[in-house]
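A look at the structure
Each chain, letter by letter, is given below.
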There are 2 protein chains.
Amino acid sequence: MTRPYAPVPVHKPAPSELAYVPFVSVDNMMRIVAERGVEHVIEGIAACIEEDFRRWGEFDKKPRIPAHAPEGVIELMPTSDGKTFGFKYVNGHPGNTYSGRQTVTGFGVLSDLTTGYPLLFSEMTILTALRTAAVSALVGRYLAPKGSRTMAVIGNGAQSDFQCLGFKHLVGIREIRAYDIDRRASERLARNLSGAGLTVTICSSPEEAIEGAQIITTVTADKKSATILTDNMVGQGVHINAVGGDCPGKTELHRDILLRSDIFVELPEQTRIEGEIQQLDADHPVTELWQVLRGEAPGRVSGEQITLFDSVGFAIEDFAALRYLKGVLATTSHYEKLDLLADPDDPRDLYGMVLRGTVGQPHAA
Amino acid sequence: MTRPYAPVPVHKPAPSELAYVPFVSVDNMMRIVAERGVEHVIEGIAACIEEDFRRWGEFDKKPRIPAHAPEGVIELMPTSDGKTFGFKYVNGHPGNTYSGRQTVTGFGVLSDLTTGYPLLFSEMTILTALRTAAVSALVGRYLAPKGSRTMAVIGNGAQSDFQCLGFKHLVGIREIRAYDIDRRASERLARNLSGAGLTVTICSSPEEAIEGAQIITTVTADKKSATILTDNMVGQGVHINAVGGDCPGKTELHRDILLRSDIFVELPEQTRIEGEIQQLDADHPVTELWQVLRGEAPGRVSGEQITLFDSVGFAIEDFAALRYLKGVLATTSHYEKLDLLADPDDPRDLYGMVLRGTVGQPHAA
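Residues numbered from 1 in each chain as written. Chains lettered and ligands numbered in written order. Predicted model: local features only at pLDDT ≥ 70, side-chain atom pairs only at ≥ 80, totals over all residues. Heavy atoms only, no water.

A look at the overall build of chain A
The line we're drawing: Helix and strand definitions here come from DSSP, where helices need a minimum of 4 consecutive H or I residues and strands a minimum of 2 consecutive E residues; each element is numbered from the N-terminal end. Relative accessibility thresholds used throughout: buried, under 20% of the residue-type maximum; exposed, over 50%; partly exposed, between the two (1.4 Å probe, protein chains only). Note on contacts: a residue pair is in contact if any heavy atoms of the two residues lie within 4.5 Å. For the area figures, the Shrake-Rupley method with a 1.4 Å probe applies, and any residue is considered shielded solely by the protein chains shown. Only four residue types enter the charge count, namely Lys and Arg as positive and Asp and Glu as negative; His and the chain termini do not. Charge positions are represented by NZ for Lys, CZ for Arg, CG for Asp and CD for Glu.
When helices and strands are counted, chain A shows 11 helices and 16 strands. For chain A, the spread of C-alpha atoms along the three principal axes comes to 80 × 40 × 40 Å. Within chain A, the proportion of its 365 residues that are buried is 63%. A separation of at least 24 residues holds for 72% of the contacts in chain A among residues at least 6 apart in sequence. As displayed, chain A offers around 12,900 Å² of accessible surface, 51% of which is attributable to carbon and sulfur atoms. Charge centroids of chain A, computed over 36 positive and 47 negative side chains, lie 3 Å from each other.

Some points on the domain arrangement of chain A
Residues and elements named next belong to chain A. Spelled out, the test is: What counts as a domain boundary in this text is fixed by an automatic or database domain assignment. Accessible surface is computed with a 1.4 Å probe, and the buried area is the amount of it that two parts give up when combined, taken over both parts together. Only one rule defines a salt bridge in this text: a Lys or Arg side-chain nitrogen within 4 Å of an Asp or Glu carboxyl oxygen. Throughout this description, a polar contact denotes any pair of N or O atoms lying within 3.5 Å of each other; where both atoms belong to protein, one of them has to be capable of donating a hydrogen while the other can accept it, and for residues adjacent in sequence the pair is counted only when both atoms sit in side chains. Nonpolar residues are Ala, Val, Leu, Ile, Met, Phe, Trp, Tyr, Cys and Pro. Charged residues are Asp, Glu, Lys and Arg, and all others, Gly as well, are polar.
For chain A, the assigned domains read domain 1 (17-126 + 317-347) and domain 2 (133-314). Distance from the C-alpha centre of domain 1 to the C-alpha centre of domain 2: 25 Å. Three residues, E39, W56 and E317, lead the burial of domain 1 against domain 2; their summed loss comes to 30% of the area buried on that side. At the boundary of domain 1 and domain 2, one finds three salt bridges. Taken together, the connections running from domain 1 to domain 2 amount to 11 residue pairs in polar contact (both at pLDDT 80 or more). Put simply, the parts of the chain that give the side of domain 1 that touches domain 2 at least two residues each are helix 2 (38-54) and helix 10 (315-329). The element best represented in the side of domain 1 that touches domain 2 is helix 2, accounting for 11 residues. For the side of domain 1 that touches domain 2, the residue count by class is nine nonpolar, one polar and 10 charged.

Looking at the pattern of salt bridges
By the definition in use, this model includes 45 salt bridges over all chains. For the salt bridge of B:R348 with A:D182, the shortest nitrogen-to-oxygen distance reads 3.1 Å. One end of the pair, B:R348, is in the loop between strand 16 (336-339) and helix 11 (350-358); the other, A:D182, is in the loop between strand 9 (175-179) and helix 5 (183-193), on a second chain. Judged by its relative accessible area of 31%, B:R348 falls in the partly exposed class. Assessed through its relative accessible area of 19%, A:D182 is described here as buried.

Some points on the interface of chain A and chain B
Taken together, the 100 residues of chain A in the interface contact 100 residues of chain B. Remark: the boundary between chain A and chain B carries three salt bridges. Its salt-bridge partner being A:D349, residue B:R188 comes within 2.7 Å of it at the nearest N-O pair. Put simply, chain A and chain B have 28 residue pairs in polar contact (both at pLDDT 80 or more) between them.

With respect to the confidence of the model for chain A
Close inspection of predicted coordinates is inappropriate for parts of the model with low pLDDT. The condition is simple: What pLDDT conveys is the predictor's confidence in a given residue, as a value from 0 to 100.
Looking at chain A, the pLDDT average stands at 89 and 92% of residues meet or exceed 70. The model gives residues 358-365 of chain A a pLDDT under 50, and that stretch makes 16 contacts with residues more than four places away or in other chains.

Quick word on the packing of helix 4 (residues 160-171) of chain B against helix 5 (residues 183-193) of chain B
Working note: a packed helix pair is described by the angle between its axes plus the distance between those axes. Residues and elements named next belong to chain B. Note the threshold: Lines are fitted to the C-alpha atoms to define the axes, a helix being fitted only along its stretch in contact, and any angle between axes, read from their N-to-C directions, falls within 0 to 180 degrees. Small angles under 35 degrees read as roughly parallel and large ones over 145 as roughly antiparallel, with 65 to 115 read as roughly perpendicular and the rest as oblique. We call a crossing left-handed when the near helix sits turned anticlockwise from the far one by less than a right angle, and right-handed when that turn is clockwise.
Where helix 4 meets helix 5, the closest approach of the two axes is 10 Å, and the angle between their N-to-C directions is 45°. It follows from the interaxial angle that helix 4 and helix 5 lie oblique. Seen along the crossing, helix 4 lies across helix 5 with a hand that is right-handed. In this structure, helix 4 contributes S160, D161, C164 and L165 to the contact, and helix 5 contributes R188, L189, N192 and L193. For the contact of helix 4 with helix 5, a count of residues per class yields four nonpolar, two polar and two charged.

With respect to the relation of the copies chain A and chain B
Applied cut-off: All copies are superposed by least squares; the fitting set is the C-alpha atoms of residues with a pLDDT of at least 70 in both.
When chain A is fitted onto chain B, the two copies agree to an RMSD of 0.0 Å after a turn of 180° and an axial shift of 0.0 Å. Such values leave the two copies arranged in the relation of a two-fold axis. An overlap of 100% is found between the interface residues of chain A and their copies at the interface of chain B, pointing to a shared contact surface.

Re the side chain of B:S136
Examined against the element boundaries, B:S136 turns out to sit in helix 3 (residues 125-143). For B:S136, a relative accessible area of 0% corresponds to the buried category.

Points about the packing of aromatic side chains
Just so we agree on the cut-off: Centres within 6.5 Å make a pair out of two Phe, Tyr or Trp rings, where for Trp the six-membered ring is used; the pair is then stacked when the planes are under 30 degrees apart, edge-to-face when over 60, and tilted otherwise.
For the coordinates displayed, the defined rule picks out 24 aromatic pairs over all chains. Residues A:W56 and A:W290 carry aromatic rings whose centres are separated by 6.4 Å and whose planes lie at 5° to one another, so their mutual orientation is stacked. In this pair, A:W56 is assigned in the loop between helix 2 and strand 2 (60-61) and A:W290 in helix 9 (residues 289-293), connecting sequence segments 234 residues apart. Like A:W56, the residue A:W290 is buried in the burial classification. Feature note: the residues A:F23, A:F85, A:F87, A:Y89, A:F107, A:F121, B:F23, B:F85, B:F87, B:Y89, B:F107 and B:F121 constitute an aromatic cluster, connected by ring pairs.

Looking at the sheet that holds strand 15 (residues 306-310) of chain B
Residue and element names in this part refer to chain B. Note the following rule: In short, DSSP must find at least two bridges between two strands for them to pair.
Spatially, eight strands are ordered 10-9-8-11-12-15-13-14 in an open sheet, and the strand pairing comes out parallel. Edge positions in the sheet fall to strand 10 (199-202) and strand 14 (287-288), since each of these pairs with one other strand and no more. Relative to strand 11 (residues 215-218), strand 8 (residues 150-154) is paired through four bridges, and the arrangement is parallel. Across the sheet, A152 pairs through a bridge with I216, a residue of strand 11. Packed on one face of the sheet, helix 4 meets strand 8, strand 9 (175-179), strand 11 and strand 12 (239-242) and runs near 165° to strand 8.

Focus on the sheet that holds strand 10 (residues 199-202) of chain A
All names here are of chain A. One open sheet accounts for eight strands, arranged 10-9-8-11-12-15-13-14; its pairing is parallel. In this open sheet, the two strands that pair with only one neighbour each are strand 10 and strand 14 (287-288). Relative to strand 15 (residues 306-310), strand 13 (residues 261-265) runs parallel, the two sharing four bridges. Across the sheet, residue D262 finds its bridge partner in strand 15, namely T307. Of the strands in this sheet, strand 8 (150-154), strand 9, strand 11 (215-218) and strand 12 (239-242) are in contact with helix 4 (residues 160-171), which crosses strand 8 at around 165°. Docked against the sheet, helix 5 engages strand 9 and strand 10, running at close to 170° with respect to strand 10.

Considering the pairing of strand 7 (residues 118-123) of chain A
All names here are of chain A. With five of six residues buried, strand 7 is to be regarded as a mostly interior element. Of the strand pairs in this sheet, strand 1 (residues 20-24) and strand 7 are connected by two bridges, and their pairing is parallel. Counted as the bridge partner of F23 is F121 from strand 7. Pairing geometry for strand 6 (residues 106-112) and strand 7, over five bridges, is antiparallel. Counterpart to L110 in the pairing with strand 7 is L120. Remark: five residues form the turn of the hairpin made by strand 6 and strand 7, two consecutive strands paired antiparallel; G116 in that turn has positive phi of roughly 80°.

Considerations on helix 1 (residues 26-36) of chain A
Across the 11 residues of helix 1 of chain A, 10 count as buried, placing the element largely inside the fold. Within the sequence span of helix 1 of chain A, burial applies to A:V26, A:D27, A:N28, A:M29, A:M30, A:I32, A:V33, A:A34, A:E35 and A:R36.

Focus: the packing of helix 3 (residues 125-143) of chain A against helix 10 of chain A
All names here are of chain A. Their axes nearest at 10 Å, the elements helix 3 and helix 10 cross at an angle of 110°. Considering their axes alone, helix 3 and helix 10 lie roughly perpendicular with respect to each other. Once helix 3 is placed against helix 10, the crossing between them reads as right-handed. Contacts between helix 3 and helix 10 involve L127, T128, R131 and V135 from the former and E317, D318, A321, L322 and L325 from the latter. Residues of the contact of helix 3 with helix 10, tallied by class, amount to five nonpolar, one polar and three charged.

Written as structure tokens, this is what we have:
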């Protein structure tokens, strides 16, 4: 390659600190989780989510921005509180497992909205699993029957371990009754939780799993409408944590259960499209969780009531998880610094910086 | 920190290739540009933009998604052709220069929409400067008078160098007549372009700058409506490349010039909000560039005509620039690999991967 003009012979300065963005890789996320303990990380994220739900009105609540292909979807999930901006990139490709890829992966960015500069860039596959468990367990603390000890977990895939640990640490669950159409998934779950302070019973049917459970978590992965729970299976007084039904055409609960339940949601506009309540009329009453967390709406009011958290995941939860992680960076060395932002000495002289970048490079001539 | 349960004692495998995403840092972008030459990079990006404009109908054309603060804006600019997805993160904070930061920085991602996996993560401050010049020069090739040799450049900030080099290489410009309200900016531009095969004349007024110019590039940075060019300054037959007016309330040209010009735009819906034509009626006729590039609409049809490219920047141009860069990665070593995607051996066993990540770490106990 030839460059027909001579660069100005100036030294090449190292980028200043302003040019660097902290980056948490998958490996470093695992180290951070190991350093603190999964349950403490879930607890920390739950605390940030609780704070942010309590200041719900400060947030810009946009719908997800999707790009579709026959194989799946990529979504951008932005939000902002006017001072800080965050977004998550997340994909959903059910066929990915056939090529050894994850169905869902993600990464995210937290930025200072007053300068526009990113504060943090992070993997969000693991972080999303942690925040999803944090939301469920946090909501469980408000809605599950007092003294809940036993949780049925129907669907024993990638999210189920995190759910169990979250409910153990934040709600006090000690017994897990696990069911999956693939028994090996339940065995995997039991193996991973051995030594975690939970008794795991592998069950042969959803009916068996929910026996004696105060909390029922449904977290199956099929991208279609399935009926994991039918009406006659669900007795009075339970809390249902419905995590798996999270996109149009994908639900887990029979409609009749919904009609018997008091339903709690993140953002009604989104949940009516993506959640279990896509089966109900558009004006079916639901309670917004932020109102419960602020004490402005009742949560569980009786021992007979069936409470249902129709979880779909919302951008503010990812924002809170990134905010938690940003706080962690002050006390850990498990991150890298990415040279992501151009930082010329003179902001007007971007090309001059590029020119200087060529000085002394063996490949420049 | 204590972890109350024992991890399953399995070895920790290295992430597979699937887990890594190529990353082009600012430093590596400078190396790539140096390796190839700025003008050749602009040419390569222009070729990708031309290809993508010619298949305009295949693209998902979303508006930018903004988050506002009093100090500025952060925007996400996504697009997709149904097979590949791209987005750019870009900020605009005019006050940033007071704290030594860039007014505009950016980064972007290109992904395989059939798997949802990112193919490339890149800085886009330098890349955006290159693609903006590539768009202008490409359009200049279609609209500028044949044999154009002289370009007036009004506004000599960070983008001006790239504009000059793009028009030199793609249109054949040999003389630059530079004007800026700050003469030091013009001197900086002249210094950077010395040896680049361009004669740079520093002018004392816009009137002086446009004397004898076949092309007039306006690329000022003030975030307000300014009148860089008035009607009586602009003679017949010129091509105006209006780059600086690019957001609501920010324009550079007097309305009367617009009324005498044939106006060419990227995406009319966006340009009517952000471009010079925000000064005109919402139904004022404009020509879409993709139609000119496909030969479906006329470009320049006479020597007397004033053609005006009302440039605001559109997501498909960033997509094309990322696509160019992706192609470059096959022939360069100037990139890193980011451990961005969780890649458990068993996609269902995300928590197992986290557990294994703890094995043997001194900080895990």
